[in-house]
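# Descriptive analysis of the structure
So the chains spell out like this:
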Amino acid sequence: MNYTLDDILQKHPHAKRDSLIPILQEVQEQEGYLSKEAVKKIGEHLNLSTSKIYGVATFYNQFRFEPLGKYHIQICRGTACHVKGSSKVLDTLQRELKIEAGKTTKDGEISLEVVACMGACGLAPVISINGEFFAGVTADKVKKILKSYRRKVTENV
Amino acid sequence: MFTIEVNNREVEAKPGEMILDTLKRAGVKVPTLCHLPGLFPSGACRMCVVEIDGIPGLTPSCAYPVREGMKIKTHSPRAIRARKTIVELLLSDHPDDCLYCVRNKNCDLQDLAEELGVRERRYTGAKSQYNIDSSSPAIIRDPAKCILCGKCVRVCEEIQGVSAIDFINRGSRSQIGTAFDEGLNISSCIKCGQCIVVCPTGALREKSYIKEVMNALNDPEKFVVVQHAPSISVTLGEEFGLKPGQDVMGIMTAALRRLGFDRVFDTAFSADLTIMEEASELVHRIQTGGPLPMMTSCSPGWIKFVEQFYPEFIPNLSTCKSPQQMMGAIIKTYYSETQGIDPANIFSVSIMPCTAKKFEAERPELARNGMADIDAVLTTRELARIIRMRGLDLNNMTPEGADTPFGERSSAGKLFGVSGGVMEAAVRSAHYFLTGKELTNPKIQELRGLDGIKETRVKIGDLELGLAAVSGLGNARKLLDDIKAGKKDIQFIEVMTCPGGCIAGGGQPLSANIETIMARMKMLYEIDRDATVTESHNNKYIKKIYKEFLGEPLKEKSHEILHTHYHKRDVLM
């Protein structure tokens, strides 16, 4: 079921600041990210400044402030992937996409997220794009993967 | 009262107070980088740690209450080592560009590094890379110099009720930032500069216009005029080692002439002008049932605060321009006309206790024919810098008088520098306008002092007015919310953005404590006590400008030149 922001806030009548994180989670689940408009409205509802909400939200890795791309890349930075060199993969992704983790490319097509562990340590280093897993990824390999997705973007599939 | 033992000495302590307060009263200096007197301790910086008998670790003295019989060592080798390590760790991620820093020789971090004898770099690591935020016309943020003490965040939230900034991100990526990490210019920042006043390092500073002013002074084509706000003469001396509150009016005027300013005017004159308009506006609103309570409009941080947080009160704001802007406006109209100077060749500088005045000077609605009334605003600190740069010695300078016609003031105009002063000045003139008689006692004691909210009632003829003078916008919030709830019977409200008023403004000399601010305030009251002209309407040059140029208060010409309007602002709040 689709809830609007107002529906979510209505589910938390007379909410105080301790309801902030659950509300942020519900809004992100519904809208995919925390927009300025949403943060402002949540602030009005809880009587909190937007800077405070942004401060809390940036403390946690789970919140994002840009809409997800059409293709959402998750890169695992858990222990096993780290040992197998996922940091280089992340560097490459950020350089190739010209975005930092947590952001979305300017054309809105590809977004990047760092996750702690995907529970697929045997496949390390691992990335997932819209749920599709890629195992044993290296810097070279990830460039090729990106190329294939870029082609999908231009062919608009 | 009971006693505790500090460094083998007996010291009197008050039940419930924090150890740091006891130590301070006993004259034991323990350093701190995050402590804000009067606010709940945050215990963030750990510089104030002491050793307490029976407690295993080191204890932050700012956040631990005294107990009877406590034995404390404030400067044990362990405590000193801990403090030194903290400073060394802070320096490991600090730009170390003290020679190029605006806070050189006036920096808490630098002082502590020196006091604790930091002589080598024991920790090296990656230095955080940040962009400087210079988007605001008033305040520059340099996160690289930030030590994350959190004072700016707390002053913005707890004193000013604005909350434009907060801690963002986590761990080694923590920094202070606005919502969505955007520029200060588009945030809810009201430019008051209280964050600069509490900042222990150079992470926050005013945007400097020294270069623009120097260029104008060196341009033979330019006629450079300067005005100084009422509070400057009682604070500037501190920058040159004089005792707080000393009035350096004549010396400052002489120094400004030596710097090359063609005319030196006193903003207290245009404060008198403001009172003529504002008191008339109050009388008019009372007689016509206009939006009441009327609220003063001299403090630009407050104006932006209303525009963004309380737009429903915009009609309550006096339409009078601030004294800075009134002076700017009459310089480029009346003065330029009578002197036969093309206003385009006038460069108008103001010396203000305030960073928000820099923002005010750039407000587009305050320009006429595309020309700003004020071309550059300098803070008290910037003026001190220019004076030092020019090698002028304030201690060996003969006092001089200001220039006519905008150098003469009543002491009512001078009172604008302290919370409650605008109100006192306005009541003196409103009384005269309504009854034709002067107040027998022009001093309104209830509006004096450093309390955040001061309320009183005055009788003017058969009219009784409820008055409130508020400083610190957190207090303004409380009052506005009470008014909205219908709890107050008040007709006139003075609001000054900074706690205590302009004497404690965001552009004033740094490291002022409550005693310093009291001394500044006392001097303004003394000037008023000893003055011969104590009402704005009795300033003879005010009478003259109305006769020759403006006509009457609130009439066409004054309305065009001395009044303005405000608009709702949509910012991320």
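What counts and how
Residues numbered from 1 in each chain as written. Chains lettered and ligands numbered in written order. Predicted model: local features only at pLDDT ≥ 70, side-chain atom pairs only at ≥ 80, totals over all residues. Heavy atoms only, no water. Helix = DSSP H or I, 4+ residues; strand = E, 2+ residues; numbered from the N terminus. Rg over C-alpha atoms; globule rule 2.2 N^0.38 Å. Buried < 20%, exposed > 50% of the residue type's maximum accessible area, 1.4 Å probe, protein only. Lys, Arg positive; Asp, Glu negative; His and termini not counted. Charge placed at Lys NZ, Arg CZ, Asp CG, Glu CD. Contact = heavy atoms within 4.5 Å. Areas by Shrake-Rupley, 256 points an atom, 1.4 Å probe, with all protein chains shown as cover. Axes fitted to C-alpha atoms, helices over the stretch in contact; angles between N-to-C directions. Parallel < 35°, antiparallel > 145°, perpendicular 65-115°, else oblique. Left-handed = near helix turned anticlockwise from the far one by under 90°. Nonpolar A, V, L, I, M, F, W, Y, C, P; charged D, E, K, R; others polar. Salt bridge = Lys/Arg side-chain N within 4 Å of Asp/Glu carboxyl O. Pairing = 2+ DSSP bridges. Expected span 1.5 Å × (residues − 1). Domains from an automatic or database assignment. Phe/Tyr/Trp six-rings, centres within 6.5 Å; stacked < 30°, edge-to-face > 60°.

### What to know about the overall build of chain B
In terms of regular secondary structure, chain B is built from 18 helices and 19 strands. Against the globule reference of 25 Å for 573 residues, chain B gives a C-alpha radius of gyration of 25 Å, in line with a compact fold. C-alpha extents for chain B along the principal axes are approximately 75 × 55 × 50 Å. The buried share of chain B, taken over its 573 residues, is 59%. For chain B, the distance from the average site of its 71 positive side-chain charges to the average site of its 72 negative ones is 4 Å.

### Some remarks on the overall build of chain A
Each helix and strand in chain A was counted, giving 7 helices and 4 strands. What you see in chain A, going N to C, is helices and strands ordered as α-α-α-α-β-α-α-β-β-β-α. Seen through its C-alpha atoms, chain A measures out along the principal axes to roughly 50 × 35 × 30 Å. Across the 157 residues that make up chain A, the buried fraction comes to 44%. A separation of at least 24 residues holds for 61% of the contacts in chain A among residues at least 6 apart in sequence. Accessible area of chain A: about 8700 Å², with a carbon and sulfur share of 51%. Taken together, the 23 basic and 18 acidic charged side chains of chain A have centroids lying 8 Å from each other.

### Topic: the packing of helix 8 (residues 267–288) of chain B against helix 14 (residues 421–435) of chain B
Residues and elements named next belong to chain B. Packing of helix 8 against helix 14 brings their axes to within 8 Å, and their N-to-C directions diverge by 60°. Between helix 8 and helix 14, the interaxial angle falls into the category oblique. Our pair here, helix 8 against helix 14, has a crossing hand that is right-handed. Of the residues in helix 14, those touching helix 8 at I275, M276, E278, A279, S280, V283 and Q287 are V422, A425, A426, S429, A430, F433 and L434. Here the residues of the contact of helix 8 with helix 14 sort into 10 nonpolar, 3 polar and 1 charged.

### Concerning the pattern of salt bridges
All names here are of chain B. The full count for this structure, using the stated rule, is 45 salt bridges over all chains. As a salt-bridge pair, R25 and E17 come within 2.9 Å of each other at their nearest N and O atoms. D96 is the partner of K127 in a salt bridge, and the nearest nitrogen-oxygen pair spans 3.9 Å. Residue K127 is located in the loop between helix 3 (108–115) and strand 6 (139–141), and its partner D96 is located in the loop between helix 2 (77–92) and helix 3; the two are separated by 31 residues in the primary sequence.

### What to know about the sheet that holds strand 13 (residues 346–352) of chain B
Residue and element names in this part refer to chain B. On the basis of which strands lie adjacent, the open sheet formed by 4 strands has the order 11-10-13-16 and parallel pairing. Each edge of the open sheet is held by one strand with a lone partner, namely strand 11 (263–266) and strand 16 (376–379). Direction aside, the axes of adjacent strands within the sheet are offset by 25° on average. Relative to the sheet, helix 6 (residues 210–217) contacts strand 10 (223–228), strand 13 and strand 16, its axis offset from that of strand 13 by approximately 140°. Where helix 7 (residues 249–258) meets the sheet, it contacts strand 10 and strand 11, and its direction lies at approximately 160° from that of strand 10.

### Let's talk about helix 14 of chain B
In an α-helix, one turn spans 3.6 residues, which is why side chains three or four residues apart end up on the same side. Residue and element names in this part refer to chain B. Look at helix 14: 21 Å from first C-alpha to last across 15 residues, which is about the 21 Å you get at 1.5 Å a residue. The buried count for helix 14 comes to 11 of 15 residues, which makes it a mostly enclosed element. Within the sequence span of helix 14, burial applies to G421, V422, M423, E424, A425, A426, V427, R428, S429, A430 and H431. Packed against the buried residues of helix 14 are helix 8, helix 13 (411–414), strand 17 (453–460), strand 18 (463–471), strand 19 (492–496) and helix 16 (514–529).

### Observations regarding unusual backbone geometry
A cis geometry characterises the amide bond from A:A124 onward to A:P125, with omega recorded as -15°. Mapping A:P125 onto the fold places it in the loop between strand 2 (110–115) and strand 3 (127–129). Here B:T404 and B:P405 are connected by a cis peptide whose omega angle stands at 5°. Topologically, B:P405 is positioned in the loop between helix 12 (380–389) and helix 13. One non-glycine residue, B:N7, lies in positive phi territory at about 50°. Along the chain, B:N7 turns up in the loop between strand 1 (2–6) and strand 2 (9–13). Exposure remark for B:N7: the relative accessible area of 31% places this residue in the partly exposed category.

### Overview of the domain arrangement of chain A
Considered domain by domain, chain A is made up of domain 1 (5–59) and domain 2 (71–155). On a C-alpha basis, the centres of domain 1 of chain A and domain 2 of chain A stand 29 Å from each other.

### Concerning the sheet that holds strand 1 (residues 71–76) of chain A
Residues and elements named next belong to chain A. Spatially, 2-1-3-4 is the arrangement adopted by the 4 strands of the open sheet, whose pairing is mixed. Lying at the two open borders of the sheet, with one neighbouring strand each, are strand 2 and strand 4 (132–134). Across the sheet, the axes of successive neighbouring strands diverge by a mean angle of 20°, strand direction being ignored. Where strand 1 meets strand 2, 6 bridges bridge the pair, whose relative direction is parallel. Across the sheet, residue I73 finds its bridge partner in strand 2, namely L112. Of the strands in this sheet, strand 1, strand 2 and strand 3 touch helix 6 (residues 86–97), which is tilted by about 155° from strand 1.

### Brief notes about helix 9 (residues 300–309) of chain B
Residue and element names in this part refer to chain B. Counting buried residues in helix 9 gives 10 out of 10 residues, a clear majority hidden from the surface. Those residues of helix 9 not exposed but buried are P300, G301, W302, I303, K304, F305, V306, E307, Q308 and F309. Where helix 9 is buried, its residues contact strand 12 (294–295), helix 11 (356–361), helix 15 (473–484) and strand 19.

### Describing the packing of aromatic side chains
Each pair of aromatic rings is reported with the distance of its centres and the angle of its planes. Inspection of the entire model under this criterion finds 19 aromatic pairs over all chains. Judged by centre distance (6.3 Å) and plane angle (75°), the ring pair of A:F134 and A:Y149 falls under edge-to-face. Here A:F134, found in strand 4, pairs with A:Y149, found in helix 7 (residues 139–155); they are 15 residues apart in sequence, far enough to count as distant. Relative to B:Y310, the ring of B:F305 lies with its centre 5.9 Å away and its plane at 35°, an arrangement referred to as tilted.

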